[in-house]
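As a plain string of letters, each chain reads:
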Amino acid sequence: MDAWAALVLITASFFTSALTVSVGIGGGVALLALMGYLVPVAAIIPVHGVVQLGSNVGRAAILRSHVAWTCLAAFFIGAVPGAWAGGSVVGILSDSMLKAALGGFILLITWMRLPRLAAIRLPGFALTGAITTFLTMIFGATGPFNAVVLSKTFPERLRFQATTAAVMSLQHLVKTAAFALAGFAFGPWLPLIVAMILTGLGGTWFGTHILRKTPESRFQLIFKICLTVLALDLIRRSVAGMAHG
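Residues numbered from 1 in each chain as written. Predicted model: local features only at pLDDT ≥ 70, side-chain atom pairs only at ≥ 80, totals over all residues. Heavy atoms only, no water.

### Focus on the nonpolar core
This is how the line gets drawn: Note on terminology: a nonpolar core comprises buried Ala, Val, Leu, Ile, Met, Phe, Trp, Tyr and Cys residues joined through side-chain atoms within 4.5 Å. Type-normalised accessible area, obtained with a 1.4 Å probe on protein chains alone, sets the label of each residue: buried when under 20%, exposed when over 50%, and partly exposed for intermediate values. Secondary structure is summarised from DSSP: a helix means a run of H or I of at least four residues, a strand means a run of E of at least two, and numbering begins at the N terminus for each. The contact rule is simple, with two residues in contact once any of their heavy atoms fall within 4.5 Å.
Core analysis: the largest hydrophobic core is formed by 58 residues, its most contacted members being L9, M35, V39, I44, I106, W189 and I193. At eight residues, the largest contribution of residues to this core is made by helix 3 (residues 41-62). Excluding its chain neighbours within four sequence positions, the residues that come into contact with M35 are L9, I44, V47 and H48.

### Thoughts on helix 2 (residues 27-38)
We apply this condition: A helix's residues, less one, multiplied by 1.5 Å, set its expected span.
The terminal C-alpha atoms of helix 2 lie 17 Å apart, and with 12 residues this matches the ideal 16 Å at 1.5 Å per residue to within 8%. Counting buried positions along helix 2 gives 10 out of 12 residues, so the element sits mostly inside the fold. Among all positions of helix 2, only G27, G28, V29, A30, L31, L32, A33, M35, G36 and L38 are buried.

### Description of helix 6 (residues 122-139)
With 18 residues, helix 6 should reach 26 Å at 1.5 Å per residue; the first-to-last C-alpha distance of 25 Å fits that figure. For helix 6, the full list of buried residues reads F125, A126, T128, G129, T132, T133, T136, M137, I138 and F139. One or two residues past the end of helix 6 sits G140, with phi positive at roughly 100°.

Structure representation (structure tokens):
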């Protein structure tokens, strides 16, 4: 990819990590939308997964004493078959179909009001692990869906944030392993990935100390409009690709 595109993504990693910390969620979806415009479609989900792995591991490590480890283990039991099933589906989707699916998913996550589910038990975490890991193999950013489940299960803020970061770390780790086993070549992308992880850590610090002062309602509206424009453009490019195909 071009040097200017890499610079845009490295910078975006900083701001999307700051967004996740300051607003609570959304940074992964925003980064995914931007990558859909700059990165070859076959590399979007695996590269995004490694970057998000680095971002979430840092948060999980800091809050490790608050992680619900038994729930994390149950999530892992479901995540492994979910990653295998999702990887099988990815292999049969065309470039245009993936762009359309990604654009539609981003619109759904951006504007749909997700219900707050009742607290679930360990089998529910295993089922959640299977479903959301299957989805993340195809779409990339399933943080909002995991947050729906965890927000009611762990009403205490630190436990919620810690367990969410740990769950997302585990999910991105399983996804990265699945793509590696499927033959994706991470090597050429490693310099970009490392740079994005480092700027993402800087963004986490920035978001913690500064962005909480920004009026959230105004920021959220601008954020949603930008995501919508990016998602609609992905769908437009998908339709154009199908027409030329």
